[in-house]
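One letter stands for each residue in the lines below.
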Amino acid sequence: MNEEKMNLKAEVRKSCLTQRAVLGEKERRTKSLIIQQKLRDLPDFQKAHTVMLFLNFRDEVETTDLAEATIACNKKLILPRCAPKGILLPLEVSNLALDLEPGAWGIREPKLTKDEVNPLEIDLVVVPGAGFDLQGNRLGYGGGFYDRFFMRLKPSTPRVAIAFECQIIGQVPIDEHDAKMTKLITEKTVYDFETIGIQ
């Protein structure tokens, strides 16, 4: 990636995260509950046996209740752990109180003692991000963890991003290796990029 593109991404990322940070705790909580319910109502979620989520950090959409609900629905819950060289380890978690520890940057991650799951077994991946556009493009946090991980999934596995409406911008600066999302859920609606021919 050239320096100009990197600088542009960093600038847009900062702008998106500033927009998100402006939300107050109460507003964030209310909108997070709406987003979580929309996700639980998705056929992609309902028919999935193995669901990969992320646990929210700082002012991301809250996902702890969603993780608990996934376990309660007798689905296999997979959470990511950051490993060296930009690798995400998909580890199975059955108890949020016992199976987690603070990982890189203080993010709650599964303990390394948990079983690693073959990415090909994952039926749905719920994806975080700094910013999104309505063409299905995602701007991550700059580490490339998810873009590398997406390459290990079945091509048909839905990649469903969750974010607040304020994180949507006109156009995300992208590179060839940046994977598109299949859906984006905000407190306002579910944007379905498959229906408009975007894979």
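Structure: above.
Our subject in this report is the structure included herewith.

Rules used throughout
Residues numbered from 1 in each chain as written. Predicted model: local features only at pLDDT ≥ 70, side-chain atom pairs only at ≥ 80, totals over all residues. Heavy atoms only, no water. Helix = DSSP H or I, 4+ residues; strand = E, 2+ residues; numbered from the N terminus. Contact = heavy atoms within 4.5 Å. Buried < 20%, exposed > 50% of the residue type's maximum accessible area, 1.4 Å probe, protein only. Disulfide = S-S within 2.5 Å. Core = buried A, V, L, I, M, F, W, Y, C linked by side-chain atoms within 4.5 Å. Expected span 1.5 Å × (residues − 1). Arc of directions from axis to C-beta.

Overview of the side chain of Gln167
Along the chain, the position of Gln167 falls in the loop between strand E9 (159-162) and strand E10 (183-185). In this view, Gln167 contacts Cys16, Arg20, Gly129, Ala130, Gly131 and Phe132; residues no more than four positions away in its chain are not counted.

Focus on the environment of Ile174
On the secondary structure map, Ile174 appears in the loop between E9 and E10. Since its relative accessible area comes to 33%, Ile174 is described here as partly exposed. C-alpha of Ile174 to C-alpha of Lys9: the two residues are 165 residues apart in sequence and 8.2 Å apart in space. Those residues in contact with Ile174 that sit more than four places away from it in its chain are Lys5, Lys9 and Asn137.

Observations regarding the state of the cysteines
Counted by the stated rule, this structure contains zero disulfides. As a non-bridged cysteine, Cys16 has Cys166 as the owner of its nearest cysteine sulfur, 8.7 Å distant.

Focus on the nonpolar core
Counting 45 residues, the largest nonpolar core has Leu53, Leu79, Val125, Phe150 and Leu184 as its most contacted members. Residues within four places of Leu184 in sequence aside, it is in contact with Phe132, Ala161, Ile162, Ala163, Ile168, Thr189, Val190, Tyr191 and Phe193.

Comments concerning helix H1 (residues 3-21)
Compared with the 27 Å implied by 1.5 Å per residue over 19 residues, the 27 Å span of H1 between its first and last C-alpha is a close match. Within H1, the full set of buried residues consists of Lys9, Val12, Arg13, Cys16 and Arg20. The buried residues of H1 occupy an angular sector of 105° when projected down its axis, which confines them to one face. Among the exposed residues of H1, those pointing more than 90 degrees away from its buried face are Glu3, Glu4, Glu11 and Lys14. Structurally, H1 contributes buried residues whose contacts are with helix H2 (25-41), strand E7 (131-132) and strand E8 (138-139).

Keep in mind these values describe shape, not function.
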